[in-house]
Amino acid sequence: MAYQAPINRENPTLFCFLLDHSGSMQDLIGGKDGTTNKAQGLADAVNGILLDIVMRCSEGTTIREYFDVGVLGYGDGKGSVSPALSGALAGKEIAPISQIGLYPLRFQERTINGQNYSYPVWVEPVAGADTPMCAALQRCQGIIQGWIRRHRKAFPPIVIHITDGESTDGDPTRQARKLINLYTDDGNVLLFNCHLSSSNSPPIVFPERVENIPDAYGQQLFGMSSVLTPFMQQAARSLGYLVTAQSRGFIFQADLSNVIHFLDIGTRSTVQATLR
Amino acid sequence: MTIRLQGFQTPKNGSTSQECQDAVAWDPQKTTFAVADGVSDSAFQTLWANILVNSFVAETQTLQSFSRVWLANWLRAQQRVWNSRVNWQTIPWHGRLKAQQTGAQATFLGIHLLPEKHAWVGIVIGDCNLFRFSKDGILMESVPNHRSADFSNATQAFSSTIQNQDQMLSQVKLIQGTFESGDSLVLATDAMARWMLERLEAKKDPLQEIPTSDEPGVFDHWVSAQRQSGALKDDDTSLLLIQLDAVPVDVKVPGPRPVVTPHVAQRTSQAWGYVYAIGLLLSLLAGVVLGASLHNWLSNKQIEQNVQKPLLILQQQLESNQSSREDIGEGLLKIVVTAQPRTESGGTAQAIVCNRNPKDPGCNPSPTPTPKGGSRSK
């Protein structure tokens, strides 16, 4: 059965975040959190999930190498795709989780319940130019192909793609298919897509049928999305979502809370279900 | 009263014994025993698990029962100890943040035997489990979990932080029970406990299947095979086997051990009863012959010579007043305590055998005559 491989230091897995940095990301995010622009909301959510993964691997003074992490941004310049980590990790397509933990870009102070905490920041908000989604998926495919050659027995890589617009370099479906056709001994690569919205239309969360999606662009993203694994379905249910065995890892017209849940279900549930 | 004690521990695959997050401790003089399982997704959990078990076995020998007041005070004291032993100034940001926000968590089970009452009292939180088997191998008690389905990924645990202290304390179960001469008590962390219940549900005898050889590596190899077959979860695995009024090791004769689970004990068919009775008689006969042979062979030998390379051999009586200690080879320690017996009926020499991984610093013999195993800290 697929998606059963335990994640440990001998068999880490890869989380690859694919982030839309197009110009429209400066628009305000929809829903009740409508005071934050999409770029900022996305950066906060990704920093939050990276912190979560680092903390999960933190073992006192060390960080156990359970995961590799890649963060790619696309569209900050016309047609550009580049690694989105900066500082000491600038230019790295993939970094082991210990390096992520060791080299945040900066820290910001937050006060919670009267106590001061220092939170790391890895990803800054970016809203640049166009939406070269095909190029981004192609770059991601190359990275994952190389990673799988070195990790044949691993839990398959999970690609988390967050975007707010249509691809400007063609239909991404074919490229997405190439990506999710890659596999390890434990199953195919998982690609989950989240569409950020500026409107207040209700989100469509983890749909199971393409007819549930109102427009062609959304249907395209639905077709690019993998079915949620059983433990992800369980995690989605625990967050109050109605899901079935056919539900895809896709949210259309997501607000900020959807994005955070999307990241949780795509990554944290994997951590909880498979980490030994 | 005679106690024969064996302890086993194997870390999860890919981890070294130093990284094992289970902790086990015992003090046969005080008749206190404890196991704990540090929760992976918490901070400095191995330190926390060891603080809990070591404190429990050292401090509870005067208690005839546990109270909520004692529990609250004891836990608060251990939280202070954990806080003082975490080196806050030198740990990196992620370790500090995790320690501040989640603290350490550990499931825990500790018991104090009351030999004069033939009873035990204890506390448990989470999914460490206690089993009591009769001398015939019948499961008499399984606490707190009764079925393998009771185990899940989510479990309650002692936390090193004082947030939600009252709620945490309310989750602790004060447990107690009795025992009879010849009974065996087993304290196990969750992976082993779940496996044992699954074997019982399959009408197998887990105590017969678990290798209790003192040969280093035997238990590890068995655990590895069980994990490979999928029968045992790949998790830190710890087991304390306490045999009460056990036949001394130099004259021990293996006997038959019928398998009866609590759910099926009354339903055992008459036909199986006959089969069992015949098997029992044959086994007893074989045992007597074997025992006589063994007795002759062993009569001129010391007890420790009959135990194959244990890491730690103790012979002692309860309430000791004299002791001697000597190193007897690589990783071996023999402690002989001559003492007045505690039990009314009078006691004989106690054979307590610890078999743990020699590479594990938690297995290193304690400098005192009453070692507490698993004293591993980070």
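The residue numbers shown here count from 1 along each chain, following its written sequence. Each chain takes a letter, starting from A, and each ligand takes a number, starting from 1, following the order in which they are written. Under the rules for a predicted model, residues below a pLDDT of 70 receive no local features and side-chain atom pairs below 80 are neither given nor counted, while totals for whole chains, interfaces and linings still include all residues.

**Topic: the overall build of chain A**
- Numbering of helices and strands runs from the N terminus; a helix is a DSSP stretch of H or I covering at least four residues, while a strand is a stretch of E covering at least two. Within chain A one finds seven helices and 14 strands.
- Counts of 20 or more other C-beta atoms within 10 Å of a residue's own C-beta define buried residues, counts of 12 or fewer define exposed ones, and intermediate counts define partly exposed ones; C-beta atoms are placed from the backbone. For chain A, the residues scored as buried account for 50% of the 276 residues in total.
- Once C-beta atoms have been placed from the backbone, residue pairs whose C-beta atoms lie within 7 Å are recorded as contacts. Counting only contacts in chain A whose residues sit at least 6 apart along the sequence, the fraction spanning at least 24 positions is 76%.

**Here we look at unusual backbone geometry**
Residue and element names in this part refer to chain B.
- The omega torsion across valine 143 and proline 144 is 0°, close enough to zero to call that bond cis.
- Here proline 144 lies in the loop between β7 (139-143) and β8 (158-159).
- A positive phi angle, close to 50°, is found at phenylalanine 44, a residue other than glycine.
- Mapped onto the elements of the fold, phenylalanine 44 is located in the loop between β3 (32-38) and α1 (45-59).
- The backbone of lysine 203 shows a phi angle near 60°, a positive value even though the residue is not glycine.
- Secondary-structure assignment places lysine 203 in the loop between α5 (190-201) and α6 (206-209).
- Judged by C-beta crowding, with 12 C-beta atoms within 10 Å, lysine 203 ranks as exposed.

**Digging into the nonpolar core**
Residues and elements named next belong to chain A.
- To form a nonpolar core, buried Ala, Val, Leu, Ile, Met, Phe, Trp, Tyr and Cys residues must be joined through C-beta atoms within 7 Å. Ranked by size, the top nonpolar core spans 77 residues in total, and within it Leu42, Cys140, Val159 and Val259 carry the most contacts.
- Among the elements that take part in this core, helix α1 (residues 38-57) stands out by supplying 10 residues, more than any other.
- Look past the residues within four positions of valine 159 in its chain and what remains in contact with it is Cys16, Leu18, Cys140, Leu179, Val189, Leu190 and Leu191.

**Overview of the packing of α1 of chain B against helix α2 (residues 68-85) of chain B**
Residue and element names in this part refer to chain B.
- It is the contact of α1 with α2, at a shortest axis distance of 10 Å, that shows an interaxial angle of 135°. Taken together, the axis directions place α1 and α2 in an arrangement best described as oblique. Relative to α2, α1 is oriented so that their crossing is right-handed. Where α1 abuts α2, its residues Leu47, Trp48, Ile51, Leu52 and Ser55 lie against Gln78, Val81, Trp82 and Arg85.
- Residues are sorted three ways: Asp, Glu, Lys and Arg are charged, Ala, Val, Leu, Ile, Met, Phe, Trp, Tyr, Cys and Pro are nonpolar, and all the rest, Gly among them, are polar. Grouping the constituent residues of the contact of α1 with α2 by class yields six nonpolar, two polar and one charged. Helix axes use the C-alpha atoms of the stretch in contact, all axes being lines fitted to C-alpha atoms, and the angles between their N-to-C directions lie in the range 0 to 180 degrees. By the definition adopted for this analysis, an angle is roughly parallel if under 35 degrees, roughly antiparallel if over 145, roughly perpendicular if from 65 to 115, and oblique otherwise. By convention the crossing between two helices is left-handed if the near helix lies anticlockwise of the far one by an angle smaller than a right angle, and right-handed if it lies clockwise.

**Description of the confidence of the model for chain B**
Residue and element names in this part refer to chain B.
- Each residue carries a pLDDT score, the predictor's own confidence in it, on a scale running from 0 to 100. Looking at chain B as a whole, the pLDDT averages 73, with 65% of positions reaching at least 70.
- Taken element by element, chain B is modelled with least confidence in strand β14 (residues 333-339), mean pLDDT 25, and with most confidence in strand β6 (residues 129-133), mean pLDDT 98.
- Here residues 249-275 is modelled with pLDDT under 50, and outside its nearest four sequence neighbours on either side it reaches 45 contacts, counting other chains as well.
- Here residues 291-378 is a poorly scored stretch, pLDDT under 50, and it has 176 contacts once near neighbours within four places are set aside; other chains count.
- Reported for the predicted complex are a pTM of 0.68 and an ipTM of 0.83.

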